[in-house]
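# Chain and residue survey
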Amino acid sequence: MPGLSQILLSFCILGNIVCGSRAWLVKMPSNIKGLLGSCLVIPCTFDYYQNPPLRPDRVVWYQYHNHRYPVVYDKWNPNHVIDMFRSKTRVLKECSLEINPVTRQHHRQRLYPWVDPENIGKYTYRFFDTTVTIEVVNRAEPPNIMIYGSMKVGQAVTVQCTVYHTCSTYPPTLSLNIPLQSHNLIHSSMADGTSKTTLMTTLNIERDQQTVECSVRHTGGLTAKASNTLNAACSFSPLTISHTSDEFLEGQASKVTCTVSYTCPKPIPTLTWNYGSMPASTATIKTKNTEWRTVSTLTFTASAKDHGQSLTCIARFIGGQKQEKSITLRVKRNMLSRGWSFTTPGSITGMRGSCIIIPCTFSYSISQPTDLRVIWYLFQSNRYPAVFDEKQSIISKFNGITSLIGSVGERNCSLKIERLEMLHNQDRLYPWVDKNPITSYHSLGHTFYEKTTQLIVSDHAQQPQLSIIGIPRVEEESTVSCNVRHSCGSAPPTLTLNGILGKEVITDTLVSDGIWESTVERTWLVQEEDQSVKCTVSYRGGQKATSELKLNVECPYDEIKMTERPGVLTEGVAKWVICSVSYKCKKNKPTIVWNYEDIKSSLKTKEISGNTYNSVSNLTFIGSLGDDGKPLTCTAQFATGKTSDSEILHIKKYDRPVDPYENDTLHVLAADVPFRFSALTRSCVVIPCSFPYQEDEPVTRGIWSKKTGSVIYHNAQSYVVDHFKGRTRILGDLNEGNCSLEINDIKPFDNGPFCFHAEKGNNERLRFNNSCVFIVMKASPGKPVMTSVPAEIDAGSTITVSCSVTHTCPSHPPVFSWSVPNLTNEVTHTSMPQGIWQTTSTITFVAAGGDGAKSLTCTALWWGDKQQAHTVQLTVKGLSSWPVAIAVSALVLIVIILAAVFGVVFCRRRKCSDDSLRPPPRPEKRRSLWDRVSRGSIWRRFSRTVDGHVDWENQREPRNQGNTVNYSVGYLNGTTTVNCDTQLSKQRFPSPKDNRRPPHSVRPVVSNAVDFHVYGNY
């Protein structure tokens, strides 16, 4: 039977070693290049699922050797580093190693890291099986140049220069031989462990051929360069033809221009016209930095037969390219038989009841007679009814309402109609300019229809056009403009603005033949309540039209300023940081947010002057060491935009201050109080405290106070300052040496330091060395740690998973919730070293059916309503089967029972006697948990030894005296010693450095290593 037990024990130990080795993983490249004289960063990460390190930040790098462990980097023991790497290495994030500078000695060196080598041995994970080989090169690789965009002269392209390297902490410098515009320098990491540095800029192409050169300079002085020739294409814009009028006058010369624009100066195009007999001139000018323009000006004289023909401009480029542009000629005929011609619009629009002026000019091909007569006729095919004539009667519907405007001697024949009626609509009128009436000429074969002006009479007012100049801002002047076009310059319509009050300017301008534009502009001081402006146009005929324009008044605001900046902060110490912003309009109150959402802030707004307000956000900032170098940003979010201000955080670690009275000979005794302790705001904290006591001299009172003398705990509440009344109490029994203090509802500024002293029956004060604690505040709790679960599971499978958090509030432990219904849920509370507690929730659940990704979320809710969650993704395959699930659950239950029985037997064989390290059972009440703390925790009993040390005595007797572990913890003159006498033949965590002397440790010497590492607040 003993032989069988030994075989089972060996099998279990071997299984634990194999499972432990698979539970660790170190990732880094197997080979990496380093540039001579530069630095080299070897990327490295590690992960584990079992056997966590006591000090995950303790990383040592070694040179690979068959029998020895040459040290490449050891922060604790720098003198052990071999010469070629001494003072040249440091560890960056996780286990990444930096070598600076790289020398030729480093070529072909094989290195590997070791995490927590004092506690994680090679039987847990063989770190030396994962190595990286360094290849030292003495020539820099040239950079890579890429050009993106439209390769045309005058266009902008993106130039990108990229270099790959292995020195992420001191990246190389990139430079271009072109001006940098909107440039951006990007550093990124690649999957193979190298780094990439990219310089991006914008290049405006000015030539059809251009060389782009990029140079790189690495740390250490090595350089390289590369070039790329950019061949850009020349572009041509379409031809355009422009002239002074839409119509050409028969026999009258006018200018017509043809324009072509292009981006290259060499291929100057040739411009020609299809009317080659007419004179033309050509000129080329440079209009922009990369744009040229060639213009051909044609002096065109139209004839009657040109009407309806095309006038074409042709541009020919080098290489055979050709462009054409044509317009259709509209020629007004000249009455050369009578020696004169006139010009009038083809149509004109007027409002009923308003006046209208038909613009008209005439010219004579010979000398102008002195006795000219101007007559206007209504066009009819067989008659000539007069609309205006000073010597004969006119038709009734125009009687008394027509007159000439301007001087005939100045060749002006314009007609004014005083009041339009709807019966004038669609009438066609034309002038006759001669000393004899039209009836004096033979009119056979001649028609005036093409020369007539059509009257269009409207009874509906056109809406005025409203516009605003600029953006209206409160308390600033702005101008709104309203205009409408009409045909009666002598009696324009009336424009009225409503909705705002201010100064007005009214103008009336002739914009084209017979068309005027009336404009009213009003300038006013913008107010917050200004919503819109209305403009109404009123005509003489009673027609009205209104337009409305929403003002969308903008309330301006100033840039937000951080008026109270954080400065240099100490970790866990709250500091008020204040941001202030001024703005217009009460309704424009901003929302001020900070980039630290979990930290409490307050917002106050007050009116500082008429319609000017100021909002102030006060942030109670609590920083951690992980926030050092990060920005603290406040942002004021308005309806129309936002403004921000930032400050880079500088956070230093809290160091224990030098207390001149710490080792005072008057204070012979020493208490056991951590000099720093972590606490979560709004939650509670229990500060572990113990002191040597003597049963013959009982302690009557324990007092906690600040160094300034302010009392934070006293059994008489009248002595306690108001800020701490009702929030503090001592846990345990002072006469048993337990002075642990609970502070509830932690405030951001409850840092301390707080010190403990006691009083005896005769009011004699007992003061102790090492009796003060400083509380490092944390604004948010740590993320829960979840045990690993399979990435893919079958529907109906039974899964067991645990989620744990650490905290310092055992009287109000965190409460867990899960996103899945569970079969069982066991919550355990474990007391860890240094006053830290770990709460763990372990559930068993059945995977629901249905293919696809499922989320499993564990949420921990801390006392004070702060919470964190951890989510993993599961892929569930197949449909759920309850019979299978029940069978699997029964099988799992049997396995659990067998494992528990085996564990009891194994524990008895190991003769476990250290009950003080056993986690307490799940508390049913708040007091029941602390009954266990005061009676069975590691803080319970202390006795004073002969040499002045404070020894920890186990309360319970060991079950087997043949295999015992005796601990003693002592504090003397500020020095901590932890002694362990054991008869166990094997250490719990074997050393990774077999066959060589372990390095000197700055930690206390601990045999039978106890896990002091905590995830979370400590």
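Residues numbered from 1 in each chain as written. Predicted model: local features only at pLDDT ≥ 70, side-chain atom pairs only at ≥ 80, totals over all residues. Heavy atoms only, no water.

Counting its regular elements, the chain contains three helices and 72 strands. Here the chain holds 1018 residues, and the buried ones make up 44% of them. When contacts within the chain are restricted to residue pairs at least 6 apart in sequence, long-range pairs at least 24 apart make up 64% of them. Total accessible area on the chain stands at roughly 53000 Å², and carbon and sulfur atoms take up 50% of it. (Helix = DSSP H or I, 4+ residues; strand = E, 2+ residues; numbered from the N terminus. Buried < 20%, exposed > 50% of the residue type's maximum accessible area, 1.4 Å probe, protein only. Contact = heavy atoms within 4.5 Å. Areas by Shrake-Rupley, 256 points an atom, 1.4 Å probe, with all protein chains shown as cover.)

On to the state of the cysteines. The tally for this structure, following the rule as stated, stands at 13 disulfides. The disulfide bridge from Cys360 ends at Cys413, spanning 1.8 Å between sulfur atoms. Taking the torsion about the S-S bond as the criterion, the Cys360 to Cys413 disulfide, at about -75 degrees, is left-handed. Within this pair, whereas Cys360 is found in the loop between strand E29 (356–358) and strand E30 (361–364), its partner Cys413 is found in the loop between strand E33 (402–405) and strand E34 (414–417), the two being separated by 53 residues in sequence. Residue classification places Cys360 among the buried positions, given a relative accessible area of 1%. Put simply, Cys684 and Cys809 are joined by a disulfide, and their sulfur atoms are 2.2 Å apart. Judged by the sign of its S-S torsion, about 110 degrees, the bond between Cys684 and Cys809 is right-handed. (Disulfide = S-S within 2.5 Å.)

In space, the four strands of this open sheet follow the order E37-E38-E41-E40, with antiparallel pairing throughout. Both outer strands of the open sheet, strand E37 (465–469) and strand E40 (503–512), are each paired with one neighbouring strand and no more. Put simply, the sheet's adjacent strands are angled 20 degrees from each other on average, direction ignored. Examined bridge by bridge, E37 and strand E38 (residues 477–486) share five bridges and lie antiparallel to one another. (Pairing = 2+ DSSP bridges. Axes fitted to C-alpha atoms, helices over the stretch in contact; angles between N-to-C directions.)

Moving on to the pattern of salt bridges. With the rule as written, the count across this model stands at 28 salt bridges. The salt bridge involving Glu418 is made with Lys416; its shortest N-O contact spans 3.1 Å. Counted as one network, the salt bridges with shared partners bring together Arg55, Arg58, Asp74, Asp116 and Glu118. (Salt bridge = Lys/Arg side-chain N within 4 Å of Asp/Glu carboxyl O.)

Time to look at a nonpolar patch on the surface. Among the surface-exposed residues, Leu893, Ile897 and Val901 lie close enough to one another that they form a single nonpolar patch of about 280 Å² accessible area. Relative to the helices and strands, Leu893 resides in helix H2 (residues 882–910). (Patch = residues over 30% accessible without salt bridge, like charges linked within 9 Å, V, L, I, M, F, W, Y side chains within 5 Å.)

Another aspect to go through is the nonpolar core. Trp594, Phe621, Ile687, Phe691, Trp704, Ile743 and Phe756 are the most contacted members of the largest nonpolar core, which has 57 residues in total. The greatest single-element share of this core, amounting to five residues, is contributed by strand E60 (residues 765–778). Once residues lying within four places of it in the same chain are set aside, the contact partners of Ile743 are Ser683, Cys684, Val685, Ile687, Phe724, Arg727, Thr728, Phe754 and Ile775. Counting residues in each nonpolar core, the second largest holds 35 residues, with Tyr62, Val71, Tyr112 and Phe127 among its members. (Core = buried A, V, L, I, M, F, W, Y, C linked by side-chain atoms within 4.5 Å.)

Turning our attention to the environment of Lys544. Mapped onto the elements of the fold, Lys544 is located in strand E43 (residues 544–550). According to the relative accessible area criterion, Lys544 is exposed, its value standing at 61%. Between the C-alpha atom of Lys544 and that of Ala461, which follows or precedes it by 83 residues, the distance is 5.7 Å. Setting aside chain neighbours within four positions, we find Lys544 in contact with Ala461, Val537 and Ser538.

Geometrically, the link from Asn100 to Pro101 is a cis peptide bond, its omega value of 0 degrees lying close to zero. Structurally, the position occupied by Pro101 is in the loop between strand E8 (97–99) and strand E9 (110–115). Despite not being glycine, Ser87 shows a phi value in the positive range, around 65 degrees. Within the secondary structure layout, Ser87 lies in the loop between strand E6 (71–73) and strand E7 (89–91). On the basis of relative accessible area, Ser87 is assigned to the exposed category, the value being 74%.

Attention now goes to the confidence of the model for the chain. On average, residues of the chain score 79 in pLDDT, and 82% of them reach the 70 mark or higher. Note on residues 7–20: pLDDT under 50 across the span, and eight contacts to partners over four residues away in sequence or across chains. In the predicted structure, residues 911–1018 sits below a pLDDT of 50 and forms 215 contacts with residues beyond four places in sequence or in another chain. (pLDDT = per-residue confidence, 0-100.)

Let's shift gears to the packing of aromatic side chains. Across all of its chains, the model carries 32 aromatic pairs by this definition. Here the aromatic rings of Tyr64 and Tyr112 are separated by 6.4 Å at their centres, their planes lie at 75 degrees, and the arrangement is edge-to-face. In this pair, Tyr64 sits in the loop between strand E5 (59–63) and E6 while Tyr112 sits in strand E9, placing the two residues 48 residues apart along the sequence. The partly exposed category is assigned to Tyr64, whose relative accessible area is 31%. Residue Tyr112 is classed as buried on the basis of its relative accessible area of 1%. Plain terms: the ring middles of Tyr112 and Trp114 are 6.5 Å apart, the flat faces sit at 55 degrees to each other, and that makes the pair tilted. Comparing Tyr112 with Trp114 shows no difference in burial state: the two are buried. Among the aromatic residues, those joined into a ring-pair cluster are Trp24, Phe46, Tyr48, Tyr62, Tyr64, Tyr69, Tyr112, Trp114, Tyr125, Phe127 and Phe128. Across the ring face of Tyr64, the terminal group of Arg110 is positioned such that the distance to the ring centre comes to 4.2 Å. (Phe/Tyr/Trp six-rings, centres within 6.5 Å; stacked < 30°, edge-to-face > 60°. Lys NZ or Arg CZ within 6 Å of the ring centre and 35° of its normal.)

What follows is about the side chain of Thr612. Mapped onto the fold, Thr612 is located in strand E49 (residues 612–621). Of note is the side chain of Thr612, whose polar atom sits 2.8 Å from the side chain of Lys584. Those residues in contact with Thr612 that sit more than four places away from it in its chain are Tyr583, Lys584, Lys606 and Glu607. (Polar contact = N/O pair within 3.5 Å; in protein donor to acceptor, adjacent residues only side chain to side chain.)

With that out of the way, let us pick up the environment of Lys606. Tracing the backbone shows Lys606 in strand E48 (residues 601–609). In the structure, Lys606 is positioned 20 residues away from Lys586 in sequence and 9.6 Å away in space, judged by C-alpha atoms. Ignoring anything within four residues of it in the chain, the contact list for Lys606 reads Thr612, Tyr613 and Asn614.

With that settled, consider the sheet that holds E9. Taken together, the five strands give an open sheet; going across it, the order is E2-E10-E9-E5-E6, and neighbouring strands pair in mixed fashion. Each edge of the open sheet carries a strand with a single partner, namely strand E2 (31–35) and E6. Across the sheet, the mean angle separating the axes of adjacent strands is 35 degrees when strand polarity is ignored. Direction of pairing for E5 relative to E6: antiparallel, over a ladder of two bridges. The residue of E6 that forms the bridge with Tyr62 is Val71.

With six of eight residues buried, strand E50 (residues 631–638) is to be regarded as a mostly interior element. The pairing of strand E47 (residues 591–594) with E50 spans four bridges and is antiparallel. By the bridge assignment for E50, Ile592 is matched with Ala636. Bridge analysis of E50 against strand E51 (residues 641–648) gives eight bridges, and the strand direction is antiparallel. When the sheet's bridge partners are listed, Pro631 is paired in E51 with Ile648. Taking the residues that link successive antiparallel strands as the turn, the E50-E51 hairpin has two residues.

Moving on, we come to the side chain of Ser547. Within the element layout of this structure, Ser547 appears in strand E43. Judged by relative accessible area, Ser547 falls into the buried class, the value being 10%. Excluding its chain neighbours within four sequence positions, the residues that come into contact with Ser547 are Gln463, Pro464, Leu466, Val533, Lys534 and Cys535.

As a further point, take the environment of Gln717. With respect to the helices and strands, the residue Gln717 is situated in the loop between strand E56 (711–713) and strand E57 (728–730). Residues within four places of Gln717 in sequence aside, it is in contact with Lys725 and Gly726.

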